[in-house]
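Chain by chain, the residues run as shown.
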Amino acid sequence: MGVIADFTRVDASLLRDLPPDDMENFAWFDDVFGPPGWNTPLASVVEGRDDEGLRSFGRWVQMRLTLGHGGGHEYDERLLEAVRFVAEADLAWTSQDVRFLWDAANRLMTSLHTNHQVLYRIPLAATERLAYADRRRLLDGTATWYRSYHRPVWAAIGERLTAVLTEPEENDAAARVRNVTRDLDPFACLLAGEFGARLGADPMVRLLRHWATATSAKPSDRWLATARRLLVPEAADLMHEILRRLAAHREGPYPTRWGFESTIFLHERTARTLRGLVWTCALLDEPWVTSALGDVALTCGVGMGGSGANCRSEMIANAAVSTLARRGGLDVVPALAKVTVKVRKKSVLANVARTLDAVAEHAGLSRERLLDRTVPRFGLDADGVREEKIGDYRVRLCVDGPALRFVTPDGRTVTSAPQAIRKDPALAELKGTLKELKQALPAERFRLERALIEERLWRWHEVTEFFLDHPVTGRYARNLIWQILQGPSGLPIRTGDGWELTDPQGRRIQPYADTPVQLWHPIRETADDVRAWRDHLLDLGVRQPYKQAFREVYLLTPAEERTRTYSRRFDGHVLRYGQAKALLNQRGWTGLAIGHWDYECGGDRGEAIKELSGWRARWGMHVTGDPNADRWGTASYCVSEEIHFYRDGQLPQEHADWADTPGDCDGVPLAEVPPLVLSEVLRDADLAVGVTSIGLDQEALGGHEEYWHAYGFGELTETAKTRRDALARLLPRLKIADRLELADRFLRVHGDLRTYRIHLGSGNILMEPNDAYLCIVPGADRDARSVFLPFEEDGGMLSIILSKAFLLAADTAITDPSITRQLRT
């Protein structure tokens, strides 16, 4: 029998990695070299072989080391001679060759072949012919595997393997860095390339090597004591630069040991070293540490692409939060508040919550009230402006934008930095503050919307001091409706000595300092009151930071009373999975991870979960579409299912065997769910469907034509009904009002060529009289952009519908041939 047949009994899977010519070469080697006991001279076997042929012989020898499925230890002298010959030959081994040789040796080792010195002699020798970067990439994790699970192998070859992977360090600081971090991801390469001369220099390199020992979840006192002893004066500035680069770092492609590129943020080895750096920040008394750690926690705490329920690096995100906790004090609160806006990983959020609770307890406050009091002001005045004199120019940091604006010596305001001050350190400091302001604003908007749906209560003096008078939070809070508990509501109006509330009828309300106040929510109001507020905001031209007056309300329906414990209101929608998951994550949902894997164990089905005010909503999803088109990985599309509600601590149905009470896992009857909780959960579901449904596509997805037509032109959801209500108020104000007509589900537009109907849910268009479909890719229309919208920013569906209406009202002016061709049919 030949080497192929013999090795197949150990592991056949490796054979597919052989070059095509090897099969013919191996058969020849089998015949000439012969079985044990033959005396064919080795020279006659390899005579006349070029480099490629000798490498093929080397692969054959490596496989020829098999002693069968039961393994063994002893080899005949002729085979040992062949091993020595191949190991000592000067051959141009490739990465693919080396990977094969190591895989073959490992297969034999795990099949009880115990002569490890012989098994690994050729792989080690071949590895020495590669560049150090290729060596480390191909053998990534190998040493750890041997040390942890195959101690005899490590005892036999560990010293040689370490030498193979270690670059000579003499007079090469960058090599010292590479020997610590290994160039296994782009950031590790940056550490050696950009920072290598300083990181690898004595005595800084000793601290770097200590960072690489950060293998536990938290630093011990002994670890920190060693770091303190190794901390050198030049370390602080270098750490600051590295942390800034880390906060700006993003995932990217990088070669793997298998020869193809994979998307990576940080290799575990790089992350471990950076965790040590982050821990060492606890020893620094520098003003930049808190904000830098907050930026790192945010970058590493979000998922790939900047969203998702997972982390780019959970290890570093938790290290940054823990180091902030160790520093303590009110200064860490704004940095942690930024993390809560985007990060969705439960372990990181729990770490943040523990830190905030500890700081709040020390200050004698609740966590939310602590956040109220620690929003940075960035040096802004009451109008949201900070002005600095730099050279002959005045530079204004404005919360409106936010942006930097420059006032020239002659009084003109420009938006780009004048050449004379572009390199001034004071301008660099203002740009850094602008970056922090841009992060703080969405955090405050998020916090205010969360306060609305959680029905937070304040005293009026807290609202005026920490919200209305605050230059950052006030930008949003002043455009929201505030309500005295179980009493009147109004928009804030500044008076000579403070603030009061004014309702749609112009009545002024002056709450006492201790009056309990909350944010107004339409679910607690009558339809007349809601209409009055909507008209009032439009009359005043007030754009709210999020939908408040125009917020959709979802009341229990007869169908949901019949189903009792679940809602099917948003069941059966075909969604773009990646987009839906990202949107739900932004809204505080977690847990959704489905794809074309492990169908038998339910990998194609899952749930998105949201916790709100002591309740947990679970929205089921399953994949749809061709698994081959998705390469049997993450799904492109999913189908929504039912929504169930549970009290905190209540188990879902799949865990029914764990429940103490029969039926405890069926979910709570929807009639028992607080109306605001029910409404807000269903609002998130409606938003996800309204943004990610394939019914919004310009053309139907194959196999889903019926759904596309039903969604694209069917009944309106609550979100679309709210959009219709806004349009009813906006249309009379438009210059094309005489060409528009609002119907039940459509906005009817009278053009000169045809009459069009724009669906208020999907934005899809039908042309009268034959209901021909008109495909228009949404674009920006100058007239539509000038229309005041009470709640949606540019790019929302309301903007899209208005843009299409302005375009079609002047259909004779359309020149785009992709549209004009359709108008003539």
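These figures come from a predicted structure and were not determined experimentally.

### Details of the overall build of the protein chain
Piece 1. Assigned secondary structure in the protein chain consists of 35 helices and 22 strands.
Piece 2. For the C-alpha atoms alone, the extent of the protein chain along its principal axes is close to 110 × 70 × 70 Å.
Piece 3. Burial statistics for the protein chain: of 825 residues in total, 54% are counted as buried.
Piece 4. A sequence separation of at least 24 residues applies to 65% of the contacts in the protein chain between residues at least 6 apart.
Piece 5. Summed over all atoms, the accessible surface of the protein chain reaches about 37500 Å², with 49% contributed by carbon and sulfur.
Piece 6. Positive and negative side-chain charges in the protein chain, numbering 105 and 117 respectively, have mean positions lying 4 Å apart.

### Things to note about the packing of aromatic side chains
Piece 1. Under the counting rule described, the total for this entry stands at 19 aromatic pairs.
Piece 2. Ring geometry for Trp 223 versus Trp 279: centroids 5.1 Å apart, planes at 90 degrees, classification edge-to-face. In this pair, Trp 223 sits in helix 16 (residues 221–230) while Trp 279 sits in helix 18 (residues 268–280), placing the two residues 56 residues apart along the sequence.
Piece 3. Ring centres of Trp 458 and Phe 467 lie 5.2 Å apart, and the angle between their planes is 70 degrees; on these two criteria the pair is classed as edge-to-face. Each member of the pair, Trp 458 together with Phe 467, is buried.
Piece 4. Every member of this aromatic cluster is reached through a ring pair, and the members are Trp 28, Phe 29, Phe 33, Phe 57 and Trp 60.
Piece 5. In this arrangement the basic side chain of Arg 135 is found over the ring face of Tyr 132, its NZ or CZ atom lying 4.1 Å from the centre.

### Observations regarding helix 25 (residues 460–468)
Piece 1. Most of helix 25 is tucked away: 7 of the 9 residues are buried.
Piece 2. Those residues of helix 25 that fall on the buried side of the exposure criterion are Trp 460, Glu 462, Val 463, Thr 464, Phe 466, Phe 467 and Leu 468.

### A look at a negative patch on the surface
Piece 1. Taken together, the side chains of Asp 21, Glu 24, Asp 50 and Glu 52 define an acidic patch exposed on the protein surface.
Piece 2. Along the polypeptide, Asp 50 turns up in the loop between helix 3 (42–46) and helix 4 (51–64).

### Quick notes on the confidence of the model for the protein chain
Piece 1. Mean pLDDT over the protein chain stands at 90; residues scoring 70 or higher make up 96%.
Piece 2. Scored below 50 in pLDDT, residues 655–664 makes 8 contacts in the model with residues more than four places away or belonging to other chains.

### Examining a positive patch on the surface
Piece 1. A cluster of basic residues, Arg 244, Arg 250, Lys 342 and Lys 435, forms a positive patch at the surface.
Piece 2. Checked against the element boundaries, Arg 244 lands in helix 17 (residues 235–248).

### Regarding the side chain of Ser 313
Piece 1. Relative to the helices and strands, Ser 313 resides in the loop between helix 19 (289–301) and helix 20 (314–327).
Piece 2. Leaving out residues up to four positions away in the same chain, Ser 313 has contacts with Phe 265, Ala 271 and Cys 300.

### Points about the pairing of strand 17 (residues 637–647)
Piece 1. Along strand 17, 8 of the 11 residues are buried, which leaves the element largely enclosed by surrounding structure.
Piece 2. Of the strand pairs in this sheet, strand 13 (residues 566–567) and strand 17 are connected by 2 bridges, and their pairing is antiparallel. Among the inter-strand pairings, Tyr 566 is bridged to a residue of strand 17, identified as His 644.
Piece 3. Here 3 bridges tie strand 14 (residues 574–576) to strand 17, and the two strands are oriented antiparallel to one another. Looking across to strand 17, one finds that Val 574 is bridged to Val 639.
Piece 4. Here strand 16 (residues 615–624) pairs with strand 17 via 9 bridges, running antiparallel. By the bridge assignment, Met 621 is partnered in strand 17 with Ser 640.

### Notes on the sheet that holds strand 18 (residues 740–742)
Piece 1. Strand order across the open sheet formed by 5 strands is 18-19-20-21-22, with antiparallel pairing between neighbours. Either end of the sheet is taken by a strand with one partner, and the two such strands are strand 18 and strand 22 (772–774). On average, each strand axis in the sheet is inclined to that of its neighbour by 30 degrees, with strand direction left out of account.
Piece 2. In this structure, strand 20 (residues 755–759) lies alongside strand 21 (residues 765–767), joined through 3 bridges in antiparallel fashion. Bridge assignment links Tyr 756 to a residue of strand 21, and that residue is Met 767.

### Side note on the sheet that holds strand 9 (residues 489–495)
Piece 1. The 6 strands lie next to each other as 7-12-8-9-10-11, forming an open sheet whose pairing is antiparallel. Looking along the sheet, the strands with just one partner apiece sit at the ends: strand 7 (458–459) and strand 11 (508–509).
Piece 2. On the sheet, helix 27 (residues 527–540) packs against strand 9 and strand 10 (498–502) and is oriented at approximately 30 degrees with respect to strand 9.

### Describing unusual backbone geometry
Piece 1. Following Gly 401, the chain continues to Pro 402 via a peptide bond in cis, the omega torsion being -20 degrees.
Piece 2. Positionally, Pro 402 belongs in the loop between strand 4 (393–398) and strand 5 (403–407).
Piece 3. In this structure, Ser 613 is a non-glycine residue whose phi angle is positive, near 50 degrees.
Piece 4. Here Ser 613 lies in the loop between strand 15 (605–612) and strand 16.
Piece 5. Within the chain, Asp 771 stands out as a residue other than glycine whose phi angle is a positive 55 degrees.
Piece 6. Position of Asp 771 relative to the elements: it lies in the loop between strand 21 and strand 22.
Piece 7. Here Asp 771 falls in the partly exposed class, since its relative accessible area comes to 39%.

### Remarks on the environment of Ala 43
Piece 1. Structurally, Ala 43 is set in helix 3.
Piece 2. For the pair formed by Ala 43 and Arg 412, sequence separation is 369 residues and the distance between their alpha carbons is 88 Å.

### Regarding the nonpolar core
Piece 1. Ranked by internal contacts, the top residues of the largest apolar core, which has 84 residues, are Trp 619, Phe 645, Leu 747, Val 749, Leu 774 and Leu 808.
Piece 2. A total of 9 residues in this core trace back to one element, the largest contributor, which is helix 34 (residues 797–809).
Piece 3. Once you skip the residues sitting within four places of it in the chain, Phe 645 turns out to touch Arg 616, Ala 617, Gly 667, Val 668, Leu 670, Val 673, Val 677, Leu 678 and Val 681.
Piece 4. Formed by 68 residues, the second largest nonpolar core is a distinct cluster that contains Phe 187, Ala 247, Ile 316 and Val 348.

### Description of the pattern of salt bridges
Piece 1. Tallied over the entire structure, the rule returns 64 salt bridges.
Piece 2. A salt bridge links Glu 560 to Arg 569; the nearest nitrogen and oxygen atoms lie 2.7 Å apart.
Piece 3. The salt bridge involving Asp 752 is made with Arg 739; its shortest N-O contact spans 3.0 Å. Taken together, the positions of Asp 752 in the loop between strand 19 (746–750) and strand 20 and Arg 739 in the loop between helix 32 (718–730) and strand 18 put the pair 13 residues apart, joining distant regions of the chain.
Piece 4. Connected via shared salt-bridge partners are Arg 445, Glu 449, Lys 547, Arg 551, Glu 552, Arg 587, Lys 610, Glu 680, Arg 683 and Asp 684.

Definitions and limits used
- Residues numbered from 1 in each chain as written.
- Predicted model: local features only at pLDDT ≥ 70, side-chain atom pairs only at ≥ 80, totals over all residues.
- Heavy atoms only, no water.
- Helix = DSSP H or I, 4+ residues; strand = E, 2+ residues; numbered from the N terminus.
- Buried < 20%, exposed > 50% of the residue type's maximum accessible area, 1.4 Å probe, protein only.
- Contact = heavy atoms within 4.5 Å.
- Areas by Shrake-Rupley, 256 points an atom, 1.4 Å probe, with all protein chains shown as cover.
- Lys, Arg positive; Asp, Glu negative; His and termini not counted.
- Charge placed at Lys NZ, Arg CZ, Asp CG, Glu CD.
- Phe/Tyr/Trp six-rings, centres within 6.5 Å; stacked < 30°, edge-to-face > 60°.
- Lys NZ or Arg CZ within 6 Å of the ring centre and 35° of its normal.
- Patch = residues over 30% accessible without salt bridge, like charges linked within 9 Å, V, L, I, M, F, W, Y side chains within 5 Å.
- Salt bridge = Lys/Arg side-chain N within 4 Å of Asp/Glu carboxyl O.
- pLDDT = per-residue confidence, 0-100.
- Pairing = 2+ DSSP bridges.
- Axes fitted to C-alpha atoms, helices over the stretch in contact; angles between N-to-C directions.
- Core = buried A, V, L, I, M, F, W, Y, C linked by side-chain atoms within 4.5 Å.

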